[in-house]
Amino acid sequence: MPESHYEKSLIKAAEYRKKTAPLILGIESSCDETAAAVVRGGRDVVSTSVHTQIPVHRLYGGVVPEIASRSHTERIGSVVRDALDKAGVGLSDIDAIAVTYRPGLIGALLVGVSFAKGLALAAEKPLVGVDHITGHIAANYITYPDLEPTFMCIVASGGHSHIVRVNSYTDFTLIGRTRDDAAGEAFDKVARAMGLPYPGGPELEKLAKGGDTNAFPLHTAFNEGESFDFSFSGLKTAVVNILHNAEQKGETVNKADLAASFQRAVTDALTVKSVRAARDAGLTTLALAGGVSANTTLRERLQRECDKYGIRFCRPDMKYCTDNAAMIACQGHYELLTRDPDELSLDPNAASFLQLQ
Ligand code: KG4
Ligand code: ZN
């Protein structure tokens, strides 16, 4: 007779693997979105529920960690309830629970992880911790039912800019990463310097629409070099200096031109390096992931570059670009197919497990 929660989990995880269409509940709370989703068979999204904290953090120009944790605590119960209700299922119908346990704001992660542990214990379900970055990559599996590893992926979010070789659903090699600011972080900081609200990425993209991409010769030698690493903080400083110098001279800057030039420099770097990484590795598929994947200029630029070399380009549907729990459930499904579930001692961690070897 199995006694402990973990012994029961191992049995239920084995049952999960045998089912043709198991249901997994995903929970995400790593930054400023409280999210839950029910996914069937790994890729079929039955329901999704997202509560965004953006309006609150906008008042402060960025994410305030303590406010984020408190808001997750207030919302997580109703968000999970909402996802189950929309799916028309109860907790007892769920076969496993996946939760983001790294990387992110530690207090924010703690809310989702604690809640997931409580549910797993009370409802006797296997628990599986998911790395948020691998969740972003998995958003592509939802959009492309036929997509399978191996492929190259460029992950550009608020916290990371990674080129990742996806060797299998659960095995990854970090090929390159940012040496300083992440791509989304650079968008947010430049947007803030231009007086745009948080989160700056989508706002800057809107502003850039009418701008001339060649008005400002923004580029960094580092991003044009051989390395697969990125550097975005120099670009950000260059934009801030242009704004300050103009202000001191009493001149006005065409902000649409500046935004368009900055966006071109970032999207060029992300595109050229990731396509080169795919070609060097002899891979014929390149996927895009992370919040910055919502950027239309980047999506189009990558599509054109991939077309040039006969590479298949994949990017998530818009609703799965920024933080959501469907991608966490999807990755959790593949984790559970290949390894044992986690114990209830699972601890959140601010850092990703993806590190340079
Ligand atoms: O993946 P995500 O939702 O959260 C993290 O894991 O960090 O990414 C959020 C980041 C923010 O920096 C946001 O400004 C950026 O993604 N972002 C965009 C766009 N939409 C979101 N950046 C550029 N263009 C966009 N359309
Ligand atoms: Zn994210």
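Cut-off values and rules
- Residues numbered from 1 in each chain as written.
- Chains lettered and ligands numbered in written order.
- Predicted model: local features only at pLDDT ≥ 70, side-chain atom pairs only at ≥ 80, totals over all residues.
- Heavy atoms only, no water.
- Domains from an automatic or database assignment.
- Contact = heavy atoms within 4.5 Å.
- Buried area = accessible area lost by both parts, 1.4 Å probe.
- Salt bridge = Lys/Arg side-chain N within 4 Å of Asp/Glu carboxyl O.
- Polar contact = N/O pair within 3.5 Å; in protein donor to acceptor, adjacent residues only side chain to side chain.
- Helix = DSSP H or I, 4+ residues; strand = E, 2+ residues; numbered from the N terminus.
- Donors = N, O, S within 2.8 Å, 3.2 Å for Na, K, Ca; no water.
- Buried < 20%, exposed > 50% of the residue type's maximum accessible area, 1.4 Å probe, protein only.
- Pairing = 2+ DSSP bridges.
- Axes fitted to C-alpha atoms, helices over the stretch in contact; angles between N-to-C directions.
- Patch = residues over 30% accessible without salt bridge, like charges linked within 9 Å, V, L, I, M, F, W, Y side chains within 5 Å.
- Areas by Shrake-Rupley, 256 points an atom, 1.4 Å probe, with all protein chains shown as cover.

## Structural notes on the domain arrangement of the protein
The domain architecture assigned to the protein consists of domain 1 (5-137 + 322-356) and domain 2 (149-316). Relative placement of domain 1 and domain 2: their C-alpha centres are 28 Å apart. Facing the 24 residues of domain 1 at the interface are 22 residues of domain 2. Summed over both sides, the interface of domain 1 with domain 2 buries roughly 1900 Å², with 70% coming from carbon and sulfur. In this structure, the connection of domain 1 to domain 2 is made through 1 salt bridge. Notably, a salt bridge pairs Arg 58 with Glu 203, separated by 3.8 Å at the nearest N-O pair. In this structure, the connection of domain 1 to domain 2 is made through 5 residue pairs in polar contact (both at pLDDT 80 or more). Mapped onto the side of domain 1 that touches domain 2, the elements with two or more residues apiece are helix H2 (54-58), helix H5 (132-143) and helix H11 (326-338).

## Side note on the coordination of the zinc ion (ligand 2)
Of the protein atoms, only His 132 (NE2), His 136 (NE2) and Asp 323 (OD) coordinate the zinc ion (ligand 2), at distances of 2.0 to 2.1 Å. Going along the chain, you hit the donors of the zinc ion (ligand 2) in the pattern H-x3-H-x186-D. Placement of His 132 in helix H5 and of Asp 323 in the loop between strand S10 (312-314) and H11 is noted, with a sequence separation of 191 residues between them.

## Overview of unusual backbone geometry
As a rule of thumb, non-glycine residues mostly have phi less than zero, and peptide bonds are mostly trans rather than cis. Cis geometry marks the peptide bond from Arg 102 to Pro 103, where omega comes out at -20°. Of the consecutive residues Tyr 198 and Pro 199, the connecting peptide bond is found in the cis state with omega at -10°. Here Pro 199 is to be found in the loop between helix H6 (183-193) and helix H7 (200-208). Positive phi values are uncommon outside glycine, yet Glu 124 reaches one of about 55°. Relative to the elements of secondary structure, Glu 124 occurs in the loop between helix H4 (106-123) and strand S5 (127-131). For Glu 124, a relative accessible area of 33% gives the class partly exposed.

## Side note on the pairing of strand S6 (residues 151-156)
For S6, a buried count of 6 out of 6 residues is recorded, marking the element as mostly surrounded by other parts of the structure. A two-sided burial pattern is seen for S6, the buried positions comprising Phe 151, Cys 153 and Val 155 on one face and Met 152, Ile 154 and Ala 156 on the other. In this structure, S6 lies alongside strand S7 (residues 161-168), joined through 6 bridges in antiparallel fashion. Bridge pairing links Ala 156 to Ser 161 in S7. If you look at the hairpin formed by S6 and S7, you'll find 4 residues sitting between the two strands. Relative to strand S9 (residues 285-289), S6 runs parallel, the two sharing 4 bridges.

## Considering H7
Buried within H7 we find Gly 200, Gly 201, Glu 203, Leu 204, Glu 205 and Ala 208. On its buried side, H7 packs onto H2, H6, helix H9 (255-280) and helix H10 (296-308).

## Points about the sheet that holds S10
The strand order across the open sheet built from 5 strands is S8-S7-S6-S9-S10, with neighbouring strands paired in mixed fashion. Every interior strand has two partners, whereas the edge strands, strand S8 (171-177) and S10, have only one. Along the sheet, successive strands turn relative to each other by an average axial angle of 25°, direction set aside. Against the sheet, H10 engages S6, S9 and S10, with an angle of about 175° to S9.

## Brief notes about a nonpolar patch on the surface
Taken together, the side chains of Val 56, Leu 59 and Tyr 60 present a nonpolar region at the surface, about 330 Å² in accessible area. Residue position: Tyr 60 is located in the loop between H2 and helix H3 (65-87).

## A few points about the pattern of salt bridges
Under the defined criterion, the tally for this structure stands at 20 salt bridges. We note a salt bridge from Asp 181 to Lys 236, for which the minimum N-O separation is 2.8 Å. Of this pair, Asp 181 sits in the loop between S8 and H6 while Lys 236 sits in helix H8 (residues 233-249), and the two are 55 residues apart along the sequence. According to the relative accessible area criterion, Lys 236 is buried, its value standing at 17%. One salt bridge connects Lys 189 with Glu 185, and the closest N-O pair in it is separated by 2.9 Å. In this pair, Lys 189 and Glu 185 both sit in helix H6, 4 residues apart, roughly one turn of the helix. Exposure remark for Lys 189: the relative accessible area of 34% places this residue in the partly exposed category. A cluster of three or more residues bridged by salt bridges with shared partners is formed by Arg 264, Asp 268, Arg 301, Glu 305 and Lys 308.

## Some thoughts on the sheet that holds S5
Read across the sheet, 5 strands follow the order S3-S2-S1-S4-S5 without closing on themselves; strand pairing throughout is mixed. Each edge of the open sheet is held by one strand with a lone partner, namely strand S3 (44-52) and S5. Direction aside, the axes of adjacent strands within the sheet are offset by 20° on average. Relative to strand S4 (residues 96-102), strand S1 (residues 23-28) runs parallel, the two being bridged by 4 bridges. Of the residues in S4, the one forming a bridge with Leu 25 is Ile 97. Sheet contacts for H5: S1, S3, S4 and S5; angle to S5, the most-contacted strand, approximately 95°. Packed onto the sheet, H11 meets S1, strand S2 (33-40), S3, S4 and S5 and runs at close to 125° relative to S1.

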